[in-house]
Amino acid sequence: MKILVTGDAGQLGSYLVGELSKGHEVTGLDLRKPEHPAKGVRHVCGDIGDYRLAMDLCRHADAVIHTAAQVSVDRSVSDPVLDARENILGTLNMLEAATKSMVSQFIYISSAATYGNPQKIPLDEGHPREPLSPYGVSKLAGENYAFAFGATYGLKVTAIRPFNIYSVRQDPDSPYSGVISRFVGRAKAAEPLTVHGDGTQTRDFVHAGDVVAMIGLCLGNPKAHGQAFNCGTGKAVSVNQLADMVIKLSGKKIGRENYESRIGDIMHIIPDISKAKKVLGYRPATDLKKGLAEFF
Ligand code: UD2
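In this text the structure is predicted, and so the values were computed from the model without any measurement. (Residues numbered from 1 in each chain as written. Predicted model: local features only at pLDDT ≥ 70, side-chain atom pairs only at ≥ 80, totals over all residues. Heavy atoms only, no water.)

1. Details of the domain arrangement of the protein chain
To keep it simple, the criterion reads: Segmentation of the chain into domains, including their bounds, is taken from an automatic or database domain assignment. Whether two residues are in contact is decided by their heavy atoms: any pair within 4.5 Å suffices. Here the quantity called buried area is the accessible surface, traced with a 1.4 Å probe, that two parts lose on coming together, added over both. Basic side-chain nitrogens of Lys or Arg form a salt bridge, by our definition, when they fall within 4 Å of a carboxyl oxygen of Asp or Glu. Per the convention used, a helix needs a DSSP run of H or I reaching at least four residues, while a strand needs a run of E reaching at least two, with both numbered from the N terminus. By the convention adopted, Pro, Cys, Tyr, Trp, Phe, Met, Ile, Leu, Val and Ala count as nonpolar, Lys, Arg, Asp and Glu as charged, and the other residues, Gly among them, as polar.
With domains assigned, the protein chain is organised as domain 1 (2-165 + 206-231) and domain 2 (167-203 + 235-270 + 285-293). Placing a centre on the C-alpha atoms of domain 1 and another on those of domain 2 gives a separation of 25 Å. Domain 1 puts 26 residues into the contact, and the matching count from domain 2 is 18 residues. Taken together, the two surfaces of domain 1 and domain 2 that pack against each other cover about 1,900 Å², and 57% of this comes from carbon and sulfur. When the buried area of domain 1 at its contact with domain 2 is split by residue, Q11, Y15 and D74 rank highest and sum to 23% of it. Along the contact surface separating domain 1 from domain 2 lie one salt bridge. With its nearest N and O atoms 3.7 Å apart, the salt bridge here joins R262 to D74. Counting only elements with at least two residues in the side of domain 1 that touches domain 2, the list comes to helix 1 (11-20), helix 3 (73-78), strand 7 (164-166) and helix 7 (208-218). Top element by residues in the side of domain 1 that touches domain 2 is helix 3. It accounts for five residues. Its residues assigned to classes, the side of domain 1 that touches domain 2 shows 13 nonpolar, 10 polar and three charged.

2. Digging into the packing of helix 6 (residues 179-188) against helix 8 (residues 239-250)
Each pair of packed helices can be summarised by the angle the axes make with each other and by the distance between the axes. For clarity, the threshold we go by: Fitted lines through C-alpha atoms give the axes, limited to the stretch in contact for helices. The angle between two N-to-C directions lies from 0 to 180 degrees. A clockwise turn of the near helix away from the far one marks a right-handed crossing, whereas an anticlockwise turn of less than a right angle marks a left-handed crossing.
One can describe the packing of helix 6 onto helix 8 by two numbers: an axis separation of 10 Å at closest approach and a directional angle of 35°. For the crossing formed where helix 6 meets helix 8, the hand is right-handed. On helix 8, the residues touching V179, I180, F183, V184 and A187 of helix 6 are V239, L242, A243, V246 and S250. Classifying every residue of the contact of helix 6 with helix 8 by side-chain character gives nine nonpolar, one polar and no charged.

3. With respect to the side chain of T194
By the secondary structure assignment, T194 is in strand 8 (residues 193-196). Aside from chain neighbours lying at most four places away, what touches T194 is F183, R186, E257 and Y259.

4. Section: the side chain of H207
Among the structural elements, H207 can be located in strand 10 (residues 205-207). Discounting residues that sit within four places of it in the chain, H207 has contacts with Y166, S167, T286, G291 and E294.

Right, here's the structure in full:
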């Protein structure tokens, strides 16, 4: 199959193209040059908002996997217009190009942030979606557009809603990286861990490799068409528990600094992943302990 992956220089995209290149002809589209280029993958430097480029690439693709996005909740709060441009208009552009090029499947990487604060835990895919942050709104808009293209133009769409993705490929120095990369980076530098709020907020941390596995299960699978799937491990860990684990693994005496809660921060979020287990046969393979050990 010929597959176009947007965001191949990103954390998830870089693992994804590596895996897909084993059995498919893969092209990656990203603004940045990949730090971990995969053998046999053609990389194109460019913007998902560039319609002519998107058309050129989609014309040669059987499937599009859209991972490119502005991924930081915090950044979406400080620059909501940039967030909307990348996550809404960028997605819309890719959907338009994919539809006009008659690709056979469009896999949209959505986000758990589209749910907002849960009304019940664990959250299944039918849970109301009331995002708290501009990021949650933009990812939800992208997902709604994707399904609308399915309903209106017959594009075969699958949405995957990852919870908190982590891996050693996330940049620890970026202020917009996830909490695991931030904590590990600081622990390695023997600096105190920065805890926002009281640290009792919980997350389900899912290894990038497990998200890649779910995408693989959706690709070319008619049971995935028109469907959305939660992607996590089904287990919640608090930010305080995470800090304990990172400090223990580092083997150093490291303190913590408490800061104000972030605006738009969700308190508790745990997915129900039974739909993905039942429909796709998805089984998360990396638990947090094993995943964190990779960093040290
Ligand atoms: C993550 C993803 C987002 C989306 C969402 C789905 C990143 C950067 N963002 O948003 O794309 O998929 O999950 O649920 O991966 N925190 C600290 N100290 C730090 C950094 C963070 O206490 O130095 C806290 C933060 O306030 C939050 C939690 O850790 O309560 C997780 O923050 P995050 O930035 O890793 O990810 P989140 O959940 O905002």
